[in-house]
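Structural description and commentary
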Amino acid sequence: MAVIDRKKLILEAAAKSFSLYGYKATTMDQVAKLANVGKGTIYTFFKTKEELFDDIINSLIADIRFEVESTLDESATILDNVNNVLARIHEFRESHQLTIKLIQEERDMGTQTVVEAMQRVEQSIIQYMMAIIQKAIDKGEIKACDPEVTAFVMLKMYFSLVVDWQRNHPPLKKEEIAKLFELYLLKGLLA
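Residues numbered from 1 in each chain as written. Predicted model: local features only at pLDDT ≥ 70, side-chain atom pairs only at ≥ 80, totals over all residues. Heavy atoms only, no water.

With that out of the way, let us pick up the pattern of salt bridges. Evaluated as defined, the whole model comprises twelve salt bridges. In the salt-bridge network here, residues are joined through shared partners; they are Glu67, Arg88 and Glu91. (Salt bridge = Lys/Arg side-chain N within 4 Å of Asp/Glu carboxyl O.)

Bringing the packing of aromatic side chains into the picture now. Taken as a whole and assessed by the stated rule, the structure comprises five aromatic pairs. Seen in terms of ring centroids, Phe18 and Phe53 are 5.0 Å apart; in terms of plane orientation they differ by 75 degrees. Their pairing is edge-to-face. Taken as a pair, Phe18 in helix H1 (residues 3–25) and Phe53 in helix H4 (residues 49–71) lie far apart in primary sequence, 35 residues in all. Both residues of the pair, Phe18 and Phe53, belong to the buried class. With a centroid separation of 6.3 Å and an interplanar angle of 65 degrees, the aromatic rings of Tyr158 and Phe181 are classed as edge-to-face. Of this pair, Tyr158 sits in helix H8 (residues 147–164) while Phe181 sits in helix H9 (residues 174–187), and the two are 23 residues apart along the sequence. The burial state of Tyr158 is the same as that of Phe181; both residues are buried. The ring of Tyr23 carries the charged tip of Lys49 above its face, separated from the ring centre by 4.3 Å. (Phe/Tyr/Trp six-rings, centres within 6.5 Å; stacked < 30°, edge-to-face > 60°. Helix = DSSP H or I, 4+ residues; strand = E, 2+ residues; numbered from the N terminus. Buried < 20%, exposed > 50% of the residue type's maximum accessible area, 1.4 Å probe, protein only. Lys NZ or Arg CZ within 6 Å of the ring centre and 35° of its normal.)

Have a look at this one:
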């Protein structure tokens, strides 16, 4: 078996283990068993569980970047692009078993490595959003603003409307969220 194939098997097994058991409960023995390789083979590619996890998170960030890039429409308005990108990221998070497990572990256990990994994921999303915002500023579509702060506010507002709101209310439809974004962020509340 080629070196690349073994590394790929290990990464796939690790992603599966982290998805099933979370970071804290995953062991290198489990990963070795799932990959059908000796534990020593894992250590030829990754010195620690943290290094292996870091590689998985880098892959997750790359997957999110692909989702963002495939959703962006250069001819769309900033409102449409932001709503479409954030909706796609939310769908990805909700359907991707690894992110579901990591969000759960971060919330329930506060595992420091997972908290830091999820911050990296969030920061990468903010970076993608900053690019959208900067293009809108450059095109004169929105006023000059701090793209990083604006991306942060948009991301937090979106996930609050999608996740937090539905804890005590019926879920908002995508169109309702778009209207709220337009009202609060683009038009403002002033009459």
